[in-house]
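# Structural overview for review
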Amino acid sequence: MIEILINTLIDNSIITAFLFVGVVTYLSYWISRNLTAGIIHGSAIAITLGLILAYAGGLYEGGTRGLADIPIFAGVGILGGAMFRDFAIVATAFGVDLKNLKEAGMIGALSIVLGVILSFFIGAIVAVLFGYTDPVSITTIGAGAATYIVGPVTGTALSASADVIALSIAVGLIKSILVMIITPFVAPLIKLNNPHAAMIFGGLMGTTSGVAGGLAATDPKLVPYGAMTATFYTGAGCLMAPSVLYLIINLMF
Amino acid sequence: MVIYGVALLSFCMIAGVFFGELIGYLIGIDANVGGIGIAMLLLIFIANKNSKNIKIDNITKSGINFWNAMYIPIVVAMAAKQNVLAAISGGWMAITAGVFVVILSFLAIPFLYKFVKTKES
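Residues numbered from 1 in each chain as written. Chains lettered and ligands numbered in written order. Predicted model: local features only at pLDDT ≥ 70, side-chain atom pairs only at ≥ 80, totals over all residues. Heavy atoms only, no water.

### Thoughts on helix 7 (residues 105-129) of chain A
If you check helix 7 of chain A, its first and last C-alpha atoms are 36 Å apart, about what 25 residues at 1.5 Å a residue would give, namely 36 Å. Count one or two residues on from helix 7 of chain A and you reach Gly-131 of chain A, which has phi positive near 95°. (Helix = DSSP H or I, 4+ residues; strand = E, 2+ residues; numbered from the N terminus. Expected span 1.5 Å × (residues − 1).)

### Observations concerning the pattern of salt bridges
Residues and elements named next belong to chain A. This structure, assessed with the given rule, holds two salt bridges over all chains. Here Arg-65 makes a salt bridge to Asp-69, at a shortest N to O gap of 3.3 Å. A relative accessible area of 33% places Arg-65 in the partly exposed class. Using a relative accessible area of 21% as the deciding quantity, one classes Asp-69 as partly exposed. Close ionic contact of Arg-85 with Asp-86 constitutes a salt bridge, the shortest N to O distance being 3.1 Å. In this structure Arg-85 comes out as buried when scored by relative accessible area, which is 13%. (Salt bridge = Lys/Arg side-chain N within 4 Å of Asp/Glu carboxyl O. Buried < 20%, exposed > 50% of the residue type's maximum accessible area, 1.4 Å probe, protein only.)

### Thoughts on the nonpolar core
Generally speaking, soluble globular proteins have nonpolar side chains that are buried together. By size, the foremost hydrophobic cluster in this structure holds 103 residues, and its most contacted members are Phe-201 of chain A together with Leu-43 of chain B. The element that contributes the greatest number of residues to this core is helix 10 (residues 162-186) of chain A, accounting for twelve residues. Leaving out residues up to four positions away in the same chain, Leu-43 of chain B has contacts with Val-90, Ala-91, Ala-93 and Phe-94 of chain A together with Leu-8, Leu-9, Cys-12 and Ile-64 of chain B. With 19 residues, the next largest nonpolar core counts Val-116, Phe-120, Ile-138 and Cys-238 of chain A among its residues. (Core = buried A, V, L, I, M, F, W, Y, C linked by side-chain atoms within 4.5 Å. Contact = heavy atoms within 4.5 Å.)

### So, the domain arrangement of chain B
Taken domain by domain, chain B consists of domain 1 (1-70) and domain 2 (83-121). If you average the C-alpha positions of domain 1 of chain B and of domain 2 of chain B, the two centres end up 29 Å apart. (Domains from an automatic or database assignment.)

### Here's the deal with the interface of chain B and chain A
Contacts between the two partners involve 71 residues from chain B, matched on the other side by 92 residues from chain A. Approximately 7,000 Å² of surface area, both sides summed, lies buried where chain B meets chain A, with 84% of it carried by carbon and sulfur atoms. The largest per-residue losses of area from chain B upon contact with chain A belong to Tyr-71, Met-93 and Phe-106 of chain B, which jointly make up 11% of the total buried on that side. Joining chain B to chain A, the criterion identifies zero salt bridges. Remark: the boundary between chain B and chain A carries five residue pairs in polar contact (both at pLDDT 80 or more). The greatest single-element share of the side of chain B that touches chain A, amounting to 23 residues, is contributed by helix 6 (residues 91-120) of chain B. Looking at the side of chain B that touches chain A residue by residue, the classes come out as 53 nonpolar, 13 polar and five charged. (Buried area = accessible area lost by both parts, 1.4 Å probe. Polar contact = N/O pair within 3.5 Å; in protein donor to acceptor, adjacent residues only side chain to side chain. Nonpolar A, V, L, I, M, F, W, Y, C, P; charged D, E, K, R; others polar.)

### Re the packing of helix 7 of chain A against helix 13 (residues 223-252) of chain A
Residue and element names in this part refer to chain A. Interhelical geometry of helix 7 versus helix 13 gives an angle of 45° and a closest axis separation of 9 Å. When the interaxial angle is binned, helix 7 and helix 13 end up oblique. Judged by the sense of rotation from one axis to the other, the crossing of helix 7 with helix 13 is right-handed. On helix 13, the residues touching Gly-108, Ile-112, Val-113, Gly-115, Val-116, Ile-117, Ser-119, Phe-120, Phe-121 and Ala-124 of helix 7 are Thr-229, Phe-232, Tyr-233, Ala-236, Gly-237, Met-240, Ala-241, Leu-245, Ile-248, Ile-249 and Met-252. (Axes fitted to C-alpha atoms, helices over the stretch in contact; angles between N-to-C directions. Parallel < 35°, antiparallel > 145°, perpendicular 65-115°, else oblique. Left-handed = near helix turned anticlockwise from the far one by under 90°.)

### Some points on the packing of aromatic side chains
If you walk through the whole model with that rule in mind, you get seven aromatic pairs over all chains. With centroids separated by 5.2 Å and ring planes inclined at 65°, the aromatic side chains of Phe-87 of chain A and Trp-67 of chain B adopt a geometry described as edge-to-face. Placement of the pair is Phe-87 of chain A in helix 5 (residues 82-92) and Trp-67 of chain B in helix 3 (residues 58-69), with the two residues belonging to separate chains. Like Phe-87 of chain A, the residue Trp-67 of chain B is buried in the burial classification. Here Phe-18 of chain B and Phe-19 of chain B contribute two aromatic rings whose centre-to-centre distance is 5.5 Å and whose plane-to-plane angle is 65°, an arrangement assigned as edge-to-face. For Phe-19 of chain B, a relative accessible area of 41% gives the class partly exposed. Taken together through their ring pairs, the aromatic side chains of Phe-84 and Phe-87 of chain A together with Phe-66 and Trp-67 of chain B make up a single cluster. (Phe/Tyr/Trp six-rings, centres within 6.5 Å; stacked < 30°, edge-to-face > 60°.)

Dropping the structure here:
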């Protein structure tokens, strides 16, 4: 009986994922309404619940894809993978006001460059404080503080050690998870409530998953503006970290 | 038809990702440079052209709007497949770096926003 049910869930993995997300969402909105009196938004709870389940999945299965490594939740990995995420992000652009975008184009581009530099040097400073002295490791960890893709791309380009590359991914993951969780809470304090601020936010943070999750829980209307700048960030980071930024670090150490 | 909307969305994404890969290849880095951003710009451009020669009817729109509405559920699935264990087992250095980067980046937003507003006026 149980085996037949499990096989049914595994054989229809994406459909199981739809059901799973539906149940998580329902529970989250219930918690939001009844336990927080609607103060914490349902989608913020759903994302946090997703992260907790990802942690549990990692403990249980020991893989790298959180809950998605458990066979019956394999579809969650597909639904939540980069392909569907990016497809849905593109769809959010439908209905974007072209005027807002044109007005904030320059500042969007500026915030991407500033964002990469800011994140990189904070990461590099922390690496130095924790005792790293070779320029390759410092650069790789700094790059990981940009995003968890910029870290390994830079580390591989500079032939950093596997440990340091893994560490750079961990830094990027922490950043992305924190942005997902914290954004809805700090949004009112920093006036993250309009398209211009959302474009600056996307450019400074740069982590597509963090920005996608953070804005979804703050105000879904802002998603396309933040996502737009964030999707250029990883490319800019991969361009700058192993070249200009590495040279600067190399001069200092 | 609904499929026209979904197909239009797919066209924009494939075209955008292709150009992103191409830009990455041309400047010699192993990453997609803004492919999804380009796809979004393409969709916005087509949607704004709409009124003149190409007509996107409501049923076609619903094919795009469905995926727009699926955005948050997909983000929830995305959260559930993150490598949270690796992030936490990265130790104190990873946590310290992550926390500082996020706090200081958040603090920089109002600063940059104010800078834009004063420049405009």
